[in-house]
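These are the residues of each chain, in order.
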Amino acid sequence: HVKNSGKNSHCFYSADLSKNANELFMMENHLRRALERDQLEVYYQPQVRIKDGKIIGAESLLRWRHPELGMVSPAKFIPLAEETGLILQIGEWVLRESALQASRWAHAGYDLNRVSVNVSGVQIQRSNFADTVYGVLIETDCNPRLLELEITESTVMHNTEFVISVFNRIKNLGLKLAIDDFGTGYSSLSHLKRLPLDKLKIDQSFVRELPGNADDAAIANAIHAMANSLGFNVIAEGVETEAQAAFLLDMGCEIAQGYLYSRPVTATQFTALLEAERVKNKTE
Ligand code: C2E
Ligand code: MG
Ligand code: MG
Ligand code: MG
């Protein structure tokens, strides 16, 4: 039994400590119980049209409400979940929650284009992921057009032929596909053009120092230009200031996500944001 609820206990969940098999086993149990005991929750962050601030989508972001540690960041427990294979169950749960929520918003008449769900490379590489997606769609009766999947760049450059076949199946089911944290991995452009993608997400590390940092400005511009010529949409992550948003819009990037618009919030809070927008549009 693990009873380290002291100040250091957050270290318990960091991936670099997870080499010891016994420790790994205990952490796995914690996380498994979290899933069973409803300690996991999906938050949603708005994706916004820069020119008028309209919410056009949402990204699902997982949260772990730990009884002793409070909110544990996914950056801390996703690596553990990947290492133990628990990500397969957790990832399926997030997808199901997100599909149900996307359907609720659609039935309530909010015209969100999509809910975007993070998918781990482990899910793609080590499971029949397209079958899982299909199962969740059937089970939740969710319109696949309401869902987008976000996969990081490094995932798609590993076992590329296999990934292409999985992506093609997912596209055939009707979902959209986005590459997350784009620019931080090392994509082969020849592989990239063979993937059935809809969107690249410009990583927040290139957005943080805009507009002042000339290198980041050049990188953001290059990603946008390349995405354009390959026929992909672009969204900028981590937008925190009006100056960043203005620069991105000027550059031709029309969609953004970040604290400038909203932090990730609960489904209930997100619904309130959508409702406030609907009321505002009616009175205009
Ligand atoms: P990500 O998918 O790149 O998500 C963006 C992260 O940036 C989120 O952190 C979000 O809260 C944060 N963020 C959003 N706007 C801003 C901003 O303006 N400034 C700053 N500084 N940060 C911002 P979060 O929620 O802690 O998630 C971290 C990472 O954990 C995600 O990065 C994603 O890779 C992973 N993750 C989250 N949920 C899931 C999930 O359900 N499945 C999987 N496989 N991974 C997930
Ligand atoms: Mg993401
Ligand atoms: Mg990202
Ligand atoms: Mg990330």
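Bear in mind that the values here come from a model prediction, so they are computed numbers and not experimental data.

1. Quick word on unusual backbone geometry
Then step 1. Following L210, the chain continues into P211 via a peptide bond in cis, with omega recorded as -5 degrees.
Then step 2. As for its placement among the helices and strands, P211 is situated in the loop between α9 (204–207) and α10 (214–230).
Then step 3. Even without being glycine, D38 reaches a positive phi, approximately 60 degrees.

2. Here we look at the pattern of salt bridges
Then step 1. This structure, assessed with the given rule, holds 15 salt bridges.
Then step 2. Note that R96 and E92 form a salt bridge whose closest N and O atoms lie 3.0 Å from each other. Of the two residues, R96 and E92 both sit in helix α3 (residues 87–107), 4 residues apart, roughly one turn of that helix.
Then step 3. Note that K199 and E148 form a salt bridge whose closest N and O atoms lie 3.0 Å from each other. A residue pair is termed long-range when its members are at least 10 positions apart, and K199 in strand β7 (residues 199–202) and E148 in strand β5 (residues 147–152) qualify at 51 residues. E148 shares its class with K199; the two are buried.
Then step 4. When salt bridges that share partners are traced, they join E59, E150, K201 and E237 into one network.

3. A closer look at the coordination of the magnesium ion (ligand 2)
Under ideal tetrahedral coordination, the four donors around a metal are separated by 109.5 degrees; under ideal octahedral coordination, the six donors are separated by 90 or 180 degrees.
Then step 1. At this site the magnesium ion (ligand 2) is bound by E59 (OE), N118 (OD1), E150 (OE) and D180 (OD), with donor distances of 2.0 to 2.2 Å.
Then step 2. Each donor residue of the magnesium ion (ligand 2) belongs to the same chain, with the gaps between them written as E-x58-N-x31-E-x29-D.
Then step 3. A spacing of 4.0 Å is found between the magnesium ion (ligand 2) and the magnesium ion (ligand 3), which share D180 as a donor. Taken together, the positions of N118 in strand β4 (residues 114–118) and E150 in strand β5 put the pair 32 residues apart, joining distant regions of the chain.
Then step 4. The class for N118 is partly exposed, based on a relative accessible area of 29%.

4. A short note on the site of ligand 1
Then step 1. Contacts to ligand 1 come from 22 residues, most closely from R63, D180, Q204, E240 and Y259.
Then step 2. L62 has a polar backbone atom sitting 3.1 Å from a nitrogen atom of ligand 1.
Then step 3. For ligand 1, whose accessible area on its own is 800 Å², the fraction buried by protein is 83%.
Then step 4. Counting residues per element, the ones that place at least two in the shell around ligand 1 are β2 (55–66), α2 (74–84) and β6 (176–182).

5. Things to note about the confidence of the model for the chain
Then step 1. On average, the chain scores 90 in pLDDT, and the residues at 70 or more come to 93%.
Then step 2. Of the regions scoring below 50 in pLDDT, residues 1–13 engages in 21 contacts with residues more than four places distant in sequence or in other chains.
Then step 3. Scoring the predicted complex yields pTM 0.92 and, for the interface, ipTM 0.98.

6. Considerations on the packing of helix α5 (residues 129–140) against helix α7 (residues 160–173)
Then step 1. Contact geometry for α5 and α7: axes closest at 9 Å, N-to-C directions at 15 degrees. Regarding the angle of α5 to α7, the classification is roughly parallel. You can see that α5 and α7 cross each other, and the crossing is right-handed. Touching F129, A130, D131, V133, Y134 and L137 of α5 are R169, I170 and L173, all from α7.
Then step 2. Taken together, the residues of the contact of α5 with α7 break down into 7 nonpolar, no polar and 2 charged.

7. Details of the pairing of strand β1 (residues 40–49)
Then step 1. When you tally the buried positions in β1, you get 8 out of 10 residues, the bulk of the element.
Then step 2. The pairing of β1 with β2 spans 9 bridges and is classified as antiparallel. Within β2, the residue paired with V42 across the bridge is L62.
Then step 3. Remark: 5 residues form the turn of the hairpin made by β1 and β2, two consecutive strands paired antiparallel; G53 in that turn has positive phi of roughly 75 degrees.
Then step 4. Relative to strand β9 (residues 255–256), β1 runs antiparallel, the two sharing 2 bridges. Paired with R49 across the two strands is I255, which belongs to β9.

8. Structural notes on the environment of V136
Then step 1. Here V136 is to be found in helix α5.
Then step 2. The spacing of V136 and E97 is 39 residues in sequence and 9.6 Å in space, taken between C-alpha atoms.
Then step 3. With residues near it in sequence (within four places) discarded, V136 still touches E92, L95, R96 and A99.

9. Examining the packing of helix α1 (residues 21–36) against α3
Then step 1. Between α1 and α3, whose axes approach to 11 Å, the crossing angle comes to 25 degrees. Regarding the angle of α1 to α3, the classification is roughly parallel. The crossing of α1 and α3 is left-handed. For the pair α1 and α3, contact is made by L31, R32 and L35 and by Q89, I90 and W93, respectively.
Then step 2. Across the contact of α1 with α3, the residue classes break down as 4 nonpolar, 1 polar and 1 charged.

About the cut-offs
Residues numbered from 1 in each chain as written. Chains lettered and ligands numbered in written order. Predicted model: local features only at pLDDT ≥ 70, side-chain atom pairs only at ≥ 80, totals over all residues. Heavy atoms only, no water. Helix = DSSP H or I, 4+ residues; strand = E, 2+ residues; numbered from the N terminus. Salt bridge = Lys/Arg side-chain N within 4 Å of Asp/Glu carboxyl O. Buried < 20%, exposed > 50% of the residue type's maximum accessible area, 1.4 Å probe, protein only. Donors = N, O, S within 2.8 Å, 3.2 Å for Na, K, Ca; no water. Near = heavy atom within 4 Å. Polar contact = N/O pair within 3.5 Å; in protein donor to acceptor, adjacent residues only side chain to side chain. Areas by Shrake-Rupley, 256 points an atom, 1.4 Å probe, with all protein chains shown as cover. pLDDT = per-residue confidence, 0-100. Contact = heavy atoms within 4.5 Å. Axes fitted to C-alpha atoms, helices over the stretch in contact; angles between N-to-C directions. Parallel < 35°, antiparallel > 145°, perpendicular 65-115°, else oblique. Left-handed = near helix turned anticlockwise from the far one by under 90°. Nonpolar A, V, L, I, M, F, W, Y, C, P; charged D, E, K, R; others polar. Pairing = 2+ DSSP bridges.

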